[in-house]
Amino acid sequence: MRKIAANAVRQPANLSIDSQLMKEAKGLNVNVSRAAEAGIAEAVAVEKTRLWKLENRATMDSWNDYVEKHGIPLKEHRQF
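Residues numbered from 1 in each chain as written. Predicted model: local features only at pLDDT ≥ 70, side-chain atom pairs only at ≥ 80, totals over all residues. Heavy atoms only, no water.

### Considering the overall build of the protein chain
Then step 1. Helix and strand counts for the protein chain stand at three helices and zero strands.
Then step 2. Whereas a compact globule of 80 residues would reach a radius of gyration of roughly 12 Å, the protein chain reaches 22 Å, over 25% beyond that.
Then step 3. Each principal axis of the C-alpha distribution contributes one length, and for the protein chain these read about 60 × 30 × 25 Å.
Then step 4. Carbon and sulfur atoms provide 56% of the accessible area of the protein chain, an area that totals close to 7600 Å².
Then step 5. In the protein chain, 13 positive and 10 negative side-chain charges are present, and the distance between their average locations comes to 7 Å. (Helix = DSSP H or I, 4+ residues; strand = E, 2+ residues; numbered from the N terminus. Rg over C-alpha atoms; globule rule 2.2 N^0.38 Å. Areas by Shrake-Rupley, 256 points an atom, 1.4 Å probe, with all protein chains shown as cover. Lys, Arg positive; Asp, Glu negative; His and termini not counted. Charge placed at Lys NZ, Arg CZ, Asp CG, Glu CD.)

### Describing helix α1 (residues 19-27)
Then step 1. N-cap assignment for α1: the residue whose side-chain oxygen lies 2.9 Å from the backbone N of Gln 20 is Asp 18.
Then step 2. Phi turns positive, to about 55 degrees, at Asn 29, one or two residues after α1. (Polar contact = N/O pair within 3.5 Å; in protein donor to acceptor, adjacent residues only side chain to side chain.)

### Description of the environment of Glu 37
Then step 1. Of note, Glu 37 is situated in helix α2 (residues 32-55).
Then step 2. Sequence-wise, Glu 37 and Arg 57 are 20 residues apart; in three dimensions their C-alpha atoms are separated by 30 Å.
Then step 3. Every residue in contact with Glu 37, bar those within four places of it in the chain, is listed here: Ile 4 and Arg 10. (Contact = heavy atoms within 4.5 Å.)

Now the structure itself:
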């Protein structure tokens, strides 16, 4: 997961959050801004991974086909 810099420049944002969840978070002294930032960072990472897999699908399929037909390259030199 991406480390969020403590000194990063912050931008104000308006969010709509479930009122019960907000009440619970405040009652537990959760830093809602930092929790939202962490959640957004995770969502961005997940989406970047999904897009990378889509963009590289043909290459991955090609490699998998190669290994299926020819085996793992340099297999005889593996230590495991």
